[in-house]
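The primary structure of each chain is shown beneath.
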Amino acid sequence: MSDARSTRVRSPRTETDDAATTDRAATTDRTATADRAATAERAATDRSSAAEESETPAAAEETGDRETCPECGGRTRVDGAERVCADCGLVVEADRIDHGPEWRSFDDDDTNPKRTGAPLTRSRHDRGLSTEIGRSTKVKGRKRRRLARMRTQHNRAQISTKRDRNKVYAYTEIRRLTGIMGLPDSVRDAACALFDSAQEESLLRGRSLEGFAAACVYVACRTADVARTVGEVCAEAKATEEEHQAAFDAMNRELGLPIAPSGPAEYLPRFASDLGCDPAVERRAGELAERAVEEGIANGRNPVGVAAACLYTAARELDAECTQQEAADVADVTPVTVRRTYVDLTEE
């Protein structure tokens with residue numbers, strides 16, 4: 001037996017028709033797939049719209065009520081912290097709730113401009129981060145005694161070493177001095193930072209803490225161009241001038257304080273304010289102080305006395321009321337000191 005072979009032959013026309021049929025079928029499948037995707041997307045959109053409409057009618061109604069005036073039905077507008085009707089002027093809402101922070105610390109604008117709580121300060125040994133157990137008159141009996149014991153232990157735990165104890169005492173004295181003398185907070189913080197440097201260099205051994213507190217305040221005033229004399233600082237401090245001088249010499253020798261000798265011009269604004277001098281007198285006194293420095297009249301003399309003499313000389317030239325005794329009292333010097341500088345300034 002022989003194998004039977006197929007004698008059927010496909011014509012070119014038949015092959016072309018089959019290819020066209022295949023292309024139409026593929027196109028139909030792609031169209032059906034796209035239609036199904038579009039139908040599913042429309043269905044999802046319809047469901048989300050229906051959900052939003054079912055969830056937010058109350059909110060939309062409330063918003064519409066706020067934007068409509070209850071008296072005349074006109075439109076409202078927000079003006080600052082109030083919602084006002086643009087037609088009749090009725091105030092619909094006032095004192096709106098501020099959901100921001102309780103207050104703002106401008107010292108931390110670079111790190112966290114919206115923080116709460118007290119800012120950090122150099123005038124506390126712990127930078128102001130410690131807490132305290134308060135007192136209350138409503139607590140009685142055993143609970144009050146227990147809180148008193150907890151308060152005592154808490155205060156002891158805050159100061160663990162002698163260095164911290166010295167720092168707390170010195171910081172307290174610095175805050176008291178700056179408060180009495182009316183100095184700004186920048187001077188207070190600079191004085192506390194200077195005390196830290198002195199303590200790190202072990203300069204406190206054998207010297208008075210009160211003297212270091214006074215010296216730190218004096219140096220901080222000098223570096224901040226706040227005119228204060230040694231006598232003024234020591235008059236309010238608990239230290240004597242000898243203790244102040246010993247602490248100042250130690251810091252100046254070991255730390256290299258960036259201060260230069262004070263000039264008479266630094267004290268003129270404060271002395272002029274105390275004497276009630278006119279601006280013209282103060283300007284003329286400034287010119288006299290510059291001349292005294294240039295010509296060497298102020299060399300070897302107390303700059304406070306030179307400043308008082310310049311004010312007295314300027315007042316005499318401009319016919320203002322100022323006596324030698326008044327100028328001397330303001331500068332805490334004797335009238336003889338004022339008179340001697342006045343004679344040198346008026347000599348031709």
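All residue numbers refer to positions counted from 1 along the written sequence of the respective chain. In keeping with the model being predicted, local features are shown solely for residues with a pLDDT of at least 70 and side-chain atom pairs are shown and tallied solely at 80 or more, while totals for entire chains, interfaces and linings include all residues. By convention in this description, side-chain values take in all heavy atoms of the structure and omit both hydrogens and water.

K.L.:
Account for the packing of helix H9 (residues 268-275) against helix H10 (residues 279-294), naming residues and giving values.
P.N.:
For the pair H9 and H10, the least separation of the axes is 10 Å and the interaxial angle reads 145 degrees. In the packing of H9 onto H10, the handedness of the crossing is right-handed. Of the residues in H10, those in contact with Leu268, Pro269 and Ala272 of H9 are Glu282, Ala285, Gly286 and Ala289. Class assignment of the residues belonging to the contact of H9 with H10 gives a composition of five nonpolar, one polar and one charged. Note on geometry: axes are lines fitted to C-alpha atoms, helical ones only across the stretch in contact, with angles between N-to-C directions running from 0 to 180 degrees. A run of H or I in DSSP becomes a helix once it reaches four residues, and a run of E becomes a strand once it reaches two; helices and strands are each numbered from the N terminus. Take the far helix as your reference; a near helix turned counterclockwise from it by less than a right angle gives a left-handed crossing, and one turned clockwise gives a right-handed crossing. The criterion used for residue contact is that any of the two residues' heavy atoms lie within 4.5 Å. Polar here means any residue outside two lists: the nonpolar Ala, Val, Leu, Ile, Met, Phe, Trp, Tyr, Cys and Pro, and the charged Asp, Glu, Lys and Arg; Gly therefore counts as polar.

K.L.:
Give me the lowdown on the packing of aromatic side chains, citing residues and values where you can.
P.N.:
For Phe, Tyr and Trp, rings pair up if their centres lie within 6.5 Å, where Trp contributes its six-membered ring, and each pair is then called stacked (planes under 30 degrees apart), edge-to-face (over 60) or tilted (otherwise). Enumeration over the complete set of coordinates arrives at four aromatic pairs. Measuring from ring centre to ring centre gives 5.9 Å for Tyr218 and Phe248, while their planes differ by 70 degrees; the resulting arrangement is edge-to-face. Of the two residues, Tyr218 sits in helix H6 (residues 209-223) while Phe248 sits in helix H8 (residues 241-254), which places them 30 residues apart along the sequence. For the pair formed by Tyr218 and Phe248, the shared burial category is buried. Each ring, one from Tyr312 and one from Tyr342, has its centre 5.1 Å from the other, and the planes form 70 degrees; the classification is edge-to-face. With Tyr312 in helix H11 (residues 303-317) and Tyr342 in helix H13 (residues 335-346), this residue pair connects regions lying 30 residues apart in the sequence. Exposure class is identical for Tyr312 and Tyr342. Each is buried. The buried label goes to any residue with under 20% of its type's maximum accessible area, the exposed label to any with over 50%, and the partly exposed label to all in between, with areas taken from a 1.4 Å probe on protein chains only.

K.L.:
Report on unusual backbone geometry, specifying residues and quantitative values.
P.N.:
Positive phi is not limited to glycine here, since Ser202 has a value of about 60 degrees. Examined against the element boundaries, Ser202 turns out to sit in the loop between helix H5 (185-200) and H6. Among the residues examined, Ser202 registers a relative accessible area of 57% and is labelled exposed. The backbone of Asp332 sits at a positive phi, close to 60 degrees, despite the residue not being glycine. Inspection of the secondary structure assignment puts Asp332 in the loop between helix H12 (324-331) and H13.

K.L.:
Describe in detail the pairing of strand E2 (residues 82-85), supporting the description with residues and values.
P.N.:
Between any two strands, at least two bridges found by DSSP are needed for them to pair. Two strands pair when backbone bridges link them, and strand E1 (residues 76-79) and E2 are joined in this way by four bridges, in the antiparallel orientation. Residue pairing across strands places Val78 opposite Arg83, the latter belonging to E2. Taking the residues that link successive antiparallel strands as the turn, the E1-E2 hairpin has two residues, and the phi of Gly80 there is positive, at about 70 degrees. Pairing of E2 with strand E3 (residues 91-93) involves two bridges; the strand directions are antiparallel. Across the sheet, residue Arg83 finds its bridge partner in E3, namely Glu93. Hairpin connection of E2 to E3: five residues between the antiparallel strands, including Gly89 at a positive phi of 80 degrees.

K.L.:
Kindly report on the pattern of salt bridges, identifying the contributing residues and their values.
P.N.:
What makes a salt bridge here is a side-chain nitrogen of Lys or Arg within 4 Å of a carboxyl oxygen of Asp or Glu, nothing more. This structure, assessed with the given rule, holds ten salt bridges. The partner of Glu317 in a salt bridge is Arg284, with the nearest N and O atoms 2.7 Å apart. One end of the pair, Glu317, is in helix H11; the other, Arg284, is in helix H10, and 33 residues separate them in sequence. A single salt-bridge network, built from bridges that share partners, covers Asp185, Arg188 and Asp189.

K.L.:
Explain the confidence of the model for the protein residue by residue, including any values.
P.N.:
Values of pLDDT, the confidence the predictor places in each residue, fall between 0 and 100. Taken as a whole, the protein shows an average pLDDT of 77; of its residues, 72% reach a score of 70 or greater. Mean pLDDT across the elements of the protein bottoms out in helix H2 (residues 57-67) (51) and peaks in H6 (92). For residues 1-22, every residue scores under 50 in pLDDT, and the model assigns this stretch two contacts once sequence neighbours within four places are set aside. In the predicted structure, residues 50-63 sits below a pLDDT of 50 and forms zero contacts with residues beyond four places in sequence or in another chain.

K.L.:
Can you break down the nonpolar core residue by residue, with the values?
P.N.:
Core analysis: the biggest nonpolar cluster contains 32 residues, and Ile174, Leu183, Phe195, Phe212, Cys216, Val217 and Met251 have the highest contact counts within it. Sort the elements by how many residues they give to this core and H6 lands first, with eleven residues. Apart from residues lying up to four places away in sequence, Met251 is in contact with Leu194, Ala198, Leu203, Phe212, Ala215, Cys216, Val219, Gly256 and Leu257. Definition of nonpolar core: a set of buried residues of the types Ala, Val, Leu, Ile, Met, Phe, Trp, Tyr and Cys, connected through side-chain atoms within 4.5 Å. Leu268, Val306, Cys322 and Val333 belong to the second largest nonpolar core, which has 31 residues in total.

K.L.:
Can you explain the packing of helix H4 (residues 162-181) against H5? Please cite residues and give values.
P.N.:
Interhelical geometry of H4 versus H5 gives an angle of 150 degrees and a closest axis separation of 10 Å. Taken together, the axes of H4 and H5 lie roughly antiparallel to each other. In the packing of H4 onto H5, the handedness of the crossing is right-handed. Contacts between H4 and H5 involve Arg163, Asn166, Lys167, Ala170, Tyr171, Ile174, Arg175 and Thr178 from the first element and Arg188, Ala191, Cys192, Phe195, Asp196, Gln199 and Glu200 from the second. Class assignment for the residues of the contact of H4 with H5 results in six nonpolar, three polar and six charged. Our angle categories are set so that under 35 degrees counts as roughly parallel, over 145 as roughly antiparallel, 65 to 115 as roughly perpendicular, and the remainder as oblique.

K.L.:
Provide a residue-level description of the environment of Pro258, including the pertinent values.
P.N.:
With respect to the helices and strands, the residue Pro258 is situated in the loop between H8 and H9. The exposure class assigned to Pro258 is exposed, which follows from its relative accessible area of 71%. On a C-alpha basis, the gap between Pro258 and Val219 in space is 9.1 Å, while along the polypeptide they are 39 residues apart.

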